[in-house]
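# Remarks on the overall topology
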Amino acid sequence: MKKLITFRVNDREYEIAVAPNRTLTQVLREDLNLLGTKEGCGVGDCGACTVIVDGKPVNSCLVLAVQADGSDITTIEGVARGDSLHTVQQTFVEMGAIQCGFCTPGMVLSATSLLDKNPRPTEREVREAISGNLCRCTGYQKIVEAVQEASRRMKK
Ligand code: FES
Ligand code: FES
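Scope of this entry: the structure provided in the associated data block. (Residues numbered from 1 in each chain as written. Chains lettered and ligands numbered in written order. Predicted model: local features only at pLDDT ≥ 70, side-chain atom pairs only at ≥ 80, totals over all residues. Heavy atoms only, no water.)

### Some remarks on empty space enclosed by the protein
With the rule as written, the count across this model stands at one cavity of 30 Å³ or more. Here the largest cavity defines a volume of roughly 40 Å³. Among the residues forming the lining of the largest cavity, the class breakdown is seven nonpolar, two polar and no charged. (1 Å grid on protein atoms, 1.4 Å probe; cavity = no way out; pocket = protein on both sides within 12 Å on 5 of 7 lines; lining within 4 Å. Points joined across faces, edges and corners; volume = space filled by probe spheres on them. Nonpolar A, V, L, I, M, F, W, Y, C, P; charged D, E, K, R; others polar.)

What follows is the structure, encoded as structure tokens:
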């Protein structure tokens, strides 16, 4: 039987009926049409499905939508402000840190969540923050540099 849940996604309130076995990834993508959240492994290993729930990055493939009842969620669609990219997105673009489109939304959300809590992270802290976001292509160096540059720009 479906359960009625309410949550806030990208500053917008939703009230929807969801089956108890549907994941937050599925509901975001299929019911809310927020296709920026990707599903890679579906079992919590890759981080492609990362969204921010109540201030923390989580793997939305591991969260049932009913568990998100009452939560405040940010997906990649909620990071930019209108036509203005978030500083993290801008530095990713400028510094060649956008590699494949599958992992990038999750990387950006893990990075923005880190900088919200820790505006001046060390390289090690950046690497730890994105350690749940797996990349199988060119590696993490440019991503780490872009997050550190975003940190410098956001301090100004
Ligand atoms: S799809 Fe969720 S961690 Fe891989
Ligand atoms: S960013 Fe997707 S595999 Fe590297």
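Once the structure has been displayed, the description carries forward.
### A word on the pairing of strand S2 (residues 12-18)
Pairing between strand S1 (residues 3-9) and S2: seven bridges, direction antiparallel. Within S2, the residue paired with Phe7 across the bridge is Tyr14. The turn joining S1 and S2, which pair antiparallel and follow one another in sequence, is formed by two residues; a positive phi near 50° is taken by Asn10. (Pairing = 2+ DSSP bridges. Helix = DSSP H or I, 4+ residues; strand = E, 2+ residues; numbered from the N terminus.)

### Let's talk about the packing of aromatic side chains
For the structure on display, the rule yields one aromatic pair. Here Phe7 and Tyr14 contribute two aromatic rings whose centre-to-centre distance is 6.3 Å and whose plane-to-plane angle is 85°, an arrangement assigned as edge-to-face. A single burial state applies to Phe7 and to Tyr14, both of which are buried. (Phe/Tyr/Trp six-rings, centres within 6.5 Å; stacked < 30°, edge-to-face > 60°. Buried < 20%, exposed > 50% of the residue type's maximum accessible area, 1.4 Å probe, protein only.)

### Details of the sheet that holds strand S5 (residues 72-74)
Taking strand neighbours across the sheet as the criterion, the five strands line up as S2-S1-S5-S3-S4 in an open arrangement whose pairing is mixed. Two strands in the sheet have a free side with no partner beyond their single neighbour: S2 and strand S4 (56-59). Recorded for the sheet is a direction-independent mean angle of 40° between the axes of neighbouring strands. Across the sheet, helix H3 (residues 104-117) lies against strand S3 (50-53), S4 and S5, angled at about 30° from S3, the strand it touches most. (Axes fitted to C-alpha atoms, helices over the stretch in contact; angles between N-to-C directions. Contact = heavy atoms within 4.5 Å.)

### Overview of the environment of Glu30
Tracing the chain through its elements places Glu30 in helix H1 (residues 24-31). By relative accessible area, which is 56% here, Glu30 ends up exposed. For Glu30, the side chain forms a polar contact with the side chain of Arg22, separated by 2.8 Å. (Polar contact = N/O pair within 3.5 Å; in protein donor to acceptor, adjacent residues only side chain to side chain.)

### Some remarks on the pairing of S4
As paired strands, S3 and S4 are joined by four bridges and run antiparallel to one another. Bridge pairing in S4 links Ile52 to Pro57.

### Let's talk about the environment of Asn133
Among the structural elements, Asn133 can be located in the loop between helix H4 (123-129) and helix H5 (141-155). Between the alpha carbons of Asn133 and Val147 there is a distance of 14 Å; along the sequence they are 14 residues apart. Setting aside residues up to four positions removed in sequence, Asn133 forms contacts with Cys46, Gly47, Thr50, Gly106, Met107, Ser110 and Tyr140. A distance of 3.3 Å separates a polar atom in the side chain of Asn133 from a polar atom in the side chain of Thr50. Within the structure, the side chain of Asn133 is placed 3.4 Å from the backbone oxygen of Gly106, a separation counted as a polar contact.

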